[in-house]
Every structure is written in structure tokens, then in C-alpha cells.
Amino acid sequence: MSRWSPRRRAVQDAAGTPGVPSAPARPSRARRAAGRSMRRAGPLALLCVLASLAAGCGIRATSVPVDAGAAPSRVGCVLPTDQESPPGGDSDAFVRVYLVCGSRVSPVEREVRMPGGRSAAERLPVARKLLAELKRQPRATEEAAGFETAVPDDLTVGGAADGDPDEALRLNRPLDELPPFALAQLVCTYADTAVADADDGVILGGPAGDGRSRGDDGNDGDAGADRAAAPLQRYECNAALRTSPEEAVGSGTEA
């Protein structure tokens, strides 16, 4: 009989009993806890992936519904087809005036009896008729399409002062005191008419030095007036002026 010893018993326990399968080792407490953590992290990781994909598509995650409001509307600034030109009459009676629509000035046609030609004698009468049209409130169809006017009711226009070019017109207000949109309306309405110069430029100035200009009372003004006339500016109705009328005052060049 073999003698028992602690060392021999340890060797037998380690090797197992021959012919008897060893019981599977139970996982440690730390390994069981790690397994549970991985099972819980799986759905969370999937949610993180989906959130990152949504952010990549430009969708901002939010926990509450977001009301973005109604779709933006845009005023057309275009009259109905049957209202673009007033019916009847000679085509020479139709004039194009520029009104404010949104952030720009745009043309509409109105029926106005105007002097023919582009002579110097017709410049002031034409300028005054066009100014009267600009001061009128828009028609119902124009207003429905988004048109309005910025021209003051008390604005008046006179002829050139003494020493001015013949094409010049004098307003009763300094140019820098006019609403910029009103100045853009005047320039674009006057361009390509008898009011403009040979290159369709419009020369405007504020009050004459003596408060009078040619055409006010039939004379050419007082050459010895104490106050100097306001400087003249030449404007063109280009795309920049039509689309950015707020810059009208500074868009002129010295005449």
C-alpha cells in the first residue's frame, strides 16, 4: 500500500480520476459580469451607429418634434399675362415704370399719353408725367403681384439750373435724402425715355442754389444766387441698380 501524502493527492486532483470526465469549470464572477456588459452594449452601439448616419445626412437628432412652419412663399413680381399691357389704344401710349417688388425694382406697363420724340423741349413734361405715375398707388393687379412704390407724394422735379447740362433735372429734395428705392425707381423709369441722355443715363440733382430751376417760372434762374446748387449725379439703370436698389444713392458718378 502506497503511502498518502499531500503532494500526491494534489497531483491526482490535477490529473483527475482515470475514466471519469472532469466537470466543466465554472466561469469566474468577473467573466460573467463582462458578458452581461457586452450584451447590454450591443443595442447601444447600434443606436450610436444609426445616430451618426443620421447626422451625416444632415438630420439633427432631437427628442421632441420640430415644427418647421409652412413652406416659404415667394412673390412672383409678375403680372398676369392678360394684365401685362393695358388693353386697347396705341402702343405709344404704354410706358414702362419701375415699382418696388421685394428687394428689387421691376417694370410694369401703364397706359399714359406721352409726348413723342426725345427733344430737349419734351424732357421736363415727360419727367413730370412719369413722376406722377410713380407716385400713384399700384393698381389692384400690381399690388396683388407684390408691387409697391417708395416715391414720396411731395417729390417734384424741375429742369436744369443755370450752368447745368441740358439733360439735368433738379428735384426738390437732396439726393441723399431720398429713399434709395425711390431713387432707383426714378432712374430706371427715366432711362430710355426723352429724359435720359444719349447713352440712356439719367442726370439728377437736388434743389438749385436759389431754390428754382428752369421750367419753374419760365426763366433760367438767378446766376448770382448765394447758395451753390447741389451737385449733379449721373445714374444708369443697370442690373446692379435693379437688384440692389438700396445702394442707389452711392451708385451715381459726378456729372
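Let us look at the overall build of the protein chain. Helix and strand content of the protein chain: six helices and eight strands. Reading the secondary structure of the protein chain in the N-to-C direction produces α-α-β-β-α-α-β-β-β-α-β-β-α-β. When the accessible surface of the protein chain is totalled, it reaches about 16,300 Å², and 54% of it is carbon and sulfur.

Turning our eyes to something else, we now look at the pattern of salt bridges. Side chains bearing opposite charge may pair, as long as their charged atoms lie close to each other. Going through the model one piece at a time under the given rule, you end up with eight salt bridges. Between arginine 136 and glutamate 133 there is a salt bridge, with its nearest N and O atoms 3.0 Å apart. Assessed through its relative accessible area of 37%, arginine 136 is described here as partly exposed. By relative accessible area, glutamate 133 is classed as buried at 8%. Among the salt bridges present, the one from glutamate 236 reaches arginine 234, with a minimum N-O distance of 2.8 Å.

This part is about helix H5 (residues 180-190). Burial within H5 is extensive, with nine of its eleven residues counted as buried. Looking only at H5, the buried set comprises Ala182, Leu183, Ala184, Gln185, Leu186, Val187, Cys188, Thr189 and Tyr190. Where H5 ends, the next residue or the one after it, aspartate 192, has phi of about 65°, a positive value.

On to the sheet that holds strand E8 (residues 253-254), then. As a general point, the strands of a sheet are linked pairwise by backbone hydrogen bonds and lie either parallel or antiparallel. Ordered by their spatial adjacency, five strands build an open sheet running E4-E5-E6-E7-E8, and the pairing between neighbours is mixed. Each edge of the open sheet is held by one strand with a lone partner, namely strand E4 (157-158) and E8. Set on the sheet, H5 makes contact with E4, strand E5 (168-171), strand E6 (202-205) and strand E7 (232-235); between it and E6 the angle comes to about 140°.

Okay, helix H3 (residues 120-135) next. The end-to-end C-alpha separation of H3 is 24 Å, in line with the 22 Å expected for 16 residues at 1.5 Å each. Turning to H3, its buried residues number three or more, namely Glu122, Arg123, Leu124, Val126, Ala127, Leu130, Leu131, Glu133 and Leu134.

As a further point, take the state of the cysteines. All chains considered together, the criterion is met by two disulfides. Across the disulfide from cysteine 77 sits cysteine 101; the S-S distance is 2.1 Å. Residues cysteine 77 and cysteine 101 share a disulfide whose torsion about the S-S bond is about -90°; that sign makes it left-handed. Taken together, the residues span a long stretch of sequence, with cysteine 77 in the loop between helix H2 (29-56) and strand E1 (94-101) and cysteine 101 in strand E1 at a distance of 24 residues.

So, on to the sheet that holds strand E2 (residues 104-111). One open sheet holds the three strands; their spatial order is E2-E1-E3, and the pairing between them is antiparallel. The open sheet has two edge strands with one neighbour each: E2 and strand E3 (147-148). Of the strand pairs in this sheet, E1 and E3 are connected by two bridges, and their pairing is antiparallel. Opposite cysteine 101, over in E3, you have phenylalanine 147 as the bridge partner. On the sheet, H3 packs against E1 and E2 and is oriented at approximately 40° with respect to E1.

In terms of nonpolar packing, the biggest core is built from 43 residues, with Phe147, Leu169, Leu183, Leu186, Val187, Tyr190 and Leu204 touching the most fellow members. Within the residue set of this core, elements represented by two or more residues are E1, E2, H3, E5, H5 and E6. A per-element tally of this core places H5 first, with seven residues. With near-sequence residues (within four places) excluded, leucine 186 lies in contact with Leu131, Leu134, Leu155, Leu171 and Leu178.

Our focus in this paragraph is the pairing of E6. With burial as the criterion, each face of E6 is covered, one bearing Val202 and Leu204 and the other bearing Ile203 and Gly205. Looking at chain direction, E5 and E6 are connected through three bridges and run parallel. In the strand pairing of E6, alanine 168 is matched with isoleucine 203. Considered for its hand, the β-α-β crossover made up of E5, H5 and E6 is right-handed. Taken together, the four bridges between E6 and E7 define a ladder with antiparallel strand orientation.

Rules used in this analysis
- Residues numbered from 1 in each chain as written.
- Predicted model: local features only at pLDDT ≥ 70, side-chain atom pairs only at ≥ 80, totals over all residues.
- Heavy atoms only, no water.
- Helix = DSSP H or I, 4+ residues; strand = E, 2+ residues; numbered from the N terminus.
- Areas by Shrake-Rupley, 256 points an atom, 1.4 Å probe, with all protein chains shown as cover.
- Salt bridge = Lys/Arg side-chain N within 4 Å of Asp/Glu carboxyl O.
- Buried < 20%, exposed > 50% of the residue type's maximum accessible area, 1.4 Å probe, protein only.
- Pairing = 2+ DSSP bridges.
- Contact = heavy atoms within 4.5 Å.
- Axes fitted to C-alpha atoms, helices over the stretch in contact; angles between N-to-C directions.
- Expected span 1.5 Å × (residues − 1).
- Disulfide = S-S within 2.5 Å.
- Core = buried A, V, L, I, M, F, W, Y, C linked by side-chain atoms within 4.5 Å.
- Right-handed = clockwise from strand over helix to strand, strands pointing away.

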